[in-house]
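# Architecture and fold: a report
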Amino acid sequence: MPSTKAALPGRPATAKADDRPKVGTTYIVLLVLAQFGLYTAIVAPVGYSLSVRVDHLSPGDEGILGYVVGAGSLALVLSGPVLGVLSDRTRSRLGRRRPWLPLTVAVGLVGFCCVALAPSVAVLITGWVVVQLGFGSALALLGASMADRLPESQRGKVAGLAGVAQMAASIIGVGIASMLTSSNLLLFLVPAGLGAVTVGLFFLLVHEESSQGIPLGEALTAKLVLSKYVFDVRRHPDFSWNWLGRFLFMFGLTLATTFTTFFFADKLDKPVTEIGGLVAVVGGIGLVATMGGAGFSGFLSDRLRRRRAFVFGAGLLFTAGTLTMAAAPGLAVLVAGSFLTNLGLGVFSAVDQALVLDVLPERDTEAGRYNAINQFSTTVPQAAAPLAAPLVLALGGGDNYPLLYVVAGAFACVGGLIILARVKGVR
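Each chain carries its own residue numbering, running from 1 in the direction its sequence is written. Owing to the predicted nature of the model, reporting of local features is limited to residues with pLDDT of at least 70; listing and counting of side-chain atom pairs is limited to 80 or more, with chain, interface and lining totals taken over all residues. Excluded from the side-chain calculation are hydrogens and water; included are all heavy atoms of the structure.

## Considerations on helix α11 (residues 308-327)
By the criteria applied, helices consist of DSSP H or I runs no shorter than four residues and strands consist of E runs no shorter than two, each listed in order from the N terminus. Given the number of residues in a helix, its expected span is that number minus one, multiplied by 1.5 Å. Between its first and last C-alpha atoms α11 spans 29 Å; for 20 residues at 1.5 Å apiece the expected length is 28 Å, and the two agree. Within the sequence span of α11, burial applies to R308, F310, V311, A314, G315, F318, T319, G321, T322, M325 and A326. Here the term buried applies to any residue with accessible area under 20% of the maximum for its type, exposed to any over 50%, and partly exposed to those in between, with areas from a 1.4 Å probe on protein chains only.

## Structural notes on unusual backbone geometry
Of note in the backbone geometry, R305 takes a positive phi value of approximately 55° without being a glycine. Here R305 shows up in the loop between α10 (276-304) and α11. The phi angle at E362 is positive, at roughly 45°, despite the residue not being glycine. Looking at the secondary structure, you find E362 in the loop between α12 (331-359) and α13 (363-394). By relative accessible area, which is 27% here, E362 ends up partly exposed.

## Section: the environment of F312
Residue placement: F312 occurs in helix α11. Linking F312 and A421, residues 109 residues apart in sequence, is a C-alpha distance of 9.3 Å. Every residue in contact with F312, bar those within four places of it in the chain, is listed here: C413, G416, L417 and L420. Whether two residues touch is decided by their heavy atoms; if any such pair falls within 4.5 Å, the residues are in contact.

## Remarks on helix α14 (residues 401-422)
Along an α-helix, residues three or four apart share an orientation, since each turn contains 3.6 residues. Relative to the 32 Å expected for 22 residues at 1.5 Å per residue, α14 spans 32 Å between its end C-alpha atoms, a close match to the ideal helical length. Among the residues of α14, those classed as buried are Y401, L404, Y405, A408, G409, A412, G415, G416, I418 and I419.

Here is the structure:
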């Protein structure tokens, strides 16, 4: 979380002059493929497989799913900076990030076995925590690799491709899992195996320079590790303002997406049980919009060498979509509004990830740490927004969903505006 320790005078650059050479096609393909594999392994359980296991272990108690997913997310939030610091300080001929990849994948596979064979809810929760500590950490290592390797001219393109991979994984992962319900082991281990294989290819085929000659600095202590969970917002203003803008956008996004099913049921005056197919179709259209927005905007932001305007535009698109949905008189306008929100999400997910890499502090020495801190701007809103949503809904007697979508759009728009107005070191 941000802290405000004594400031250093002036506005130091967030990174050294960008003299990194361009990465080759092999690196980009293997990086995006590894991210696709990891997202497939993680999204399939969240979107489908964990629900099957919860129903087996505790029929009729769907609320347990929230505890399972929440425990895994919390574990990843708490462990992220630790892994970031450890990988930043790793000194080996394989570099700083690669040595950790086989270990994190092995931990994740153990977790998936625990989840698949869990005899109780407690073991299921424990297993999912282990999965996140493994595969979730592997994703963080790939993010740190992007910070280490990508020059400014390629960050938008690669972030856009990563966004497309994430969206595609959300479809393919659930599709794979839905065909394997006859076996708990296959239900979890097939998607996990895809993640393990793709990360293995990245580990084997992508070279990382030796880190053996990099000075270690001060000794590693528990106090030092704990200090890495905070940073001086006045010393790194661009990173700090982008963190805040990203937090607000993700807060608005989570407000809107958490209650999508109930919102559609309310708007169309139908029971929740009768709109499952409709929500799935709208979700498919939205995925196309998200993937298109991510891929196109990432490439274009690199070509134009602009980030902030794209991020602000994403906030405006998302807000236009939520306002359209809030005022929609029928299904056609609802679908149009949903398309706009997902298009805005796609643009934001690609370009803001590139912007994060642009403003990342201490890139040469602590990229892993700051990349983990940046993830707080996503994970904290995902936990806080569902708790805040009932307060907004209560303003209309408990089901004021149009107001909820208006508020969600306002948060996203303000987030984009903050990034446009306050981030100064990037165009």
